[in-house]
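Descriptive analysis of the structure
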Amino acid sequence: MLMTIKTPFSLSGKIAVITGFGAPKDALSNGGAIARLFAKQGAVIEGLDISAEDAQNTVEAIINAGGRAFFTSGDATVEADIDSWIKSVLQRHGRIDILINNVGQSERLTPEDADTNIWRAQLALNLDSAFYCTRAVLPAMINAGKGAIVNISSVAGIRHLGKPQIGYNTAKAALQQFTKTSAALHAKDGIRMNCVLPGLMNTPMVRRMAQKYAGGDYEGYVAKRHKQVPMGHMGAPEDVAHAALYLASDEAAYVTGTELVVDGGITAMIPE
């Protein structure tokens, strides 16, 4: 009698909701990479993004590759947008198996001169958005007796990286504790919650950061970031996607309340 071997990291038939899953036409974001990989592994993708153009790029890439994907326009920092989105997904599919809280961005702030509005916006984008989405999907997951939630945090939540970004650091650290506490509370419900902590990643955001912080010297800014990593180069969006896939998959069935660092060794170094 032949034994059936399950395809590793299969997400076949699972419904995955992902915030910030769009990407430019000529580049790949963390969210875009996660969406494409999850679709390749068989998941039906439901994405939320504030940019219809970026979102459509991801949807088209998934459909052209033979997958299924849907897009909802919305702002992850607005409660009503999140609640409406999750409600529509549940109406379309009847369940949600995976939630990926992916949206996030850093702004430079120091304690002595931090703009209050920027501080609050950093907390809203990097922390509140994950709370809104988690709260919205939990009833359906509890009812189903299962679910996987992966929050995309940052190594900035566990270490100062030399940049003045107190809002971002604070929000990501809080996101990690939110994940741990919620994981402990809902383990009895069959729901797993974990964090991916990327380090310096080579995403489309790097170009915008070079424009903002390096006078538009993109090549120089990239070279500087490469040198900061023990491996000698930044990570790729696909590196984040593969980490998220592991944590969302059945292969991580006994993994909850933990952090998976994807940083090329940055946090293993002694700070200079």
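Please refer to the structure higher up on the page.
Note that the coordinates shown come from a computational prediction; the quantities given were computed from them, not determined experimentally. (Residues numbered from 1 in each chain as written. Predicted model: local features only at pLDDT ≥ 70, side-chain atom pairs only at ≥ 80, totals over all residues. Heavy atoms only, no water.)

1. Remarks on the packing of helix H3 (residues 79–93) against helix H4 (residues 116–144)
- Relative to each other, H3 and H4 sit at 30 degrees, their axes nearing to 9 Å. The orientation of H3 with respect to H4, classified from their angle, is roughly parallel. Of the two elements, H3 crosses H4, and the hand of that crossing is right-handed. Side by side, H3 and H4 meet where Glu79, Ile82, Asp83, Trp85, Ile86 and Leu90 of the first sit next to Tyr132, Cys133, Arg135, Ala136, Val137 and Ala140 of the second.
- Across the contact of H3 with H4, the residue classes tally to nine nonpolar, no polar and three charged. (Axes fitted to C-alpha atoms, helices over the stretch in contact; angles between N-to-C directions. Helix = DSSP H or I, 4+ residues; strand = E, 2+ residues; numbered from the N terminus. Parallel < 35°, antiparallel > 145°, perpendicular 65-115°, else oblique. Left-handed = near helix turned anticlockwise from the far one by under 90°. Contact = heavy atoms within 4.5 Å. Nonpolar A, V, L, I, M, F, W, Y, C, P; charged D, E, K, R; others polar.)

2. Side note on the packing of aromatic side chains
- Per the counting criterion, the structure on display carries four aromatic pairs.
- Measuring from centroid to centroid gives 6.3 Å for Phe21 and Phe71, while their planes differ by 25 degrees, and the two rings are stacked. Separated by 50 residues along the polypeptide, Phe21 in the loop between strand S1 (15–19) and helix H1 (30–40) and Phe71 in strand S3 (residues 68–73) bring together distant segments of the chain.
- Since its relative accessible area comes to 25%, Phe71 is described here as partly exposed.
- With a centroid separation of 5.7 Å and an interplanar angle of 50 degrees, the aromatic rings of Phe131 and Tyr132 are classed as tilted.
- With a relative accessible area of 33%, Phe131 lands in the partly exposed category.
- One aromatic cluster is present, formed by Phe131, Tyr132 and Phe178 through successive ring pairs.
- Sitting over the face of the ring of Phe70, Arg92 holds its NZ or CZ atom 4.3 Å from the ring centroid.
- If you follow Arg207 out to its NZ or CZ, it ends over the ring of Tyr218, 3.8 Å from the centre. (Phe/Tyr/Trp six-rings, centres within 6.5 Å; stacked < 30°, edge-to-face > 60°. Buried < 20%, exposed > 50% of the residue type's maximum accessible area, 1.4 Å probe, protein only. Lys NZ or Arg CZ within 6 Å of the ring centre and 35° of its normal.)

3. Here we look at the sheet that holds strand S2 (residues 44–49)
- Across the sheet, seven strands lie side by side as S3-S2-S1-S4-S5-S6-S7; this open sheet has parallel pairing. Edge positions in the sheet fall to S3 and strand S7 (259–262), since each has one partner strand and no second. Direction aside, neighbouring strands of the sheet carry axes that sit 15 degrees apart on average.
- The sheet strands contacting H4 are S1, strand S4 (98–101), strand S5 (147–152) and strand S6 (191–198), and the helix crosses S4 at an angle near 175 degrees.
- Sheet contacts for helix H5 (residues 166–186): S5, S6 and S7; angle to S6, the most-contacted strand, approximately 160 degrees. (Pairing = 2+ DSSP bridges.)

4. Notes on the side chain of Thr134
- Structurally, Thr134 can be placed in helix H4.
- A polar contact of 2.7 Å, which involves the side chain of Thr134, links it to the backbone oxygen of Ala130.
- The contact partners of Thr134, leaving out residues within four places of it in the chain, are Leu99, Asn101, Ile149, Phe178 and Met193. (Polar contact = N/O pair within 3.5 Å; in protein donor to acceptor, adjacent residues only side chain to side chain.)

5. Focus: the pairing of S6
- Burial runs high along S6: eight of the eight residues are buried.
- Pairing of S5 with S6, which is carried by six bridges, proceeds in the parallel orientation. In the strand pairing of S6, Ile152 is matched with Val196.
- Handedness of the S5-H5-S6 crossover: right-handed.
- Bridge count between S6 and S7: four bridges; the pairing is parallel. Residue pairing in the sheet places Pro198 in a bridge with Val262 of S7. (Right-handed = clockwise from strand over helix to strand, strands pointing away.)

6. Here's the deal with the nonpolar core
- Ranked by size, the top nonpolar core spans 31 residues in total, and within it Ile34, Phe38, Ile45, Ile100, Val150 and Val196 carry the most contacts.
- Taken together, the elements giving at least two residues each to this core come down to S1, H1, helix H2 (52–64), S4, S5 and helix H8 (237–248).
- Of the residues forming this core, the biggest block, seven residues, is contributed by H8.
- Not counting residues up to four positions away in its chain, the partners in contact with Ile100 are Val17, Ile18, Thr19, Ile34, Phe38, Val150 and Ile152.
- Counting residues in each nonpolar core, the second largest holds 22 residues, with Val17, Ala76, Tyr132 and Met141 among its members. (Core = buried A, V, L, I, M, F, W, Y, C linked by side-chain atoms within 4.5 Å.)

7. A word on the pattern of salt bridges
- Per the counting criterion, the structure on display carries six salt bridges.
- Put simply, Glu60 and Lys25 hold a salt bridge, and the shortest N to O gap is 3.4 Å. Separated by 35 residues along the polypeptide, Glu60 in helix H2 and Lys25 in the loop between S1 and H1 bring together distant segments of the chain.
- On the basis of relative accessibility, which here comes to 33%, the residue Glu60 falls in the partly exposed class.
- The class of Lys25 is exposed, set by a relative accessible area of 65%.
- Asp97 is the partner of Arg95 in a salt bridge, and the nearest nitrogen-oxygen pair spans 3.0 Å.
- Among the residues examined, Arg95 registers a relative accessible area of 35% and is labelled partly exposed. (Salt bridge = Lys/Arg side-chain N within 4 Å of Asp/Glu carboxyl O.)

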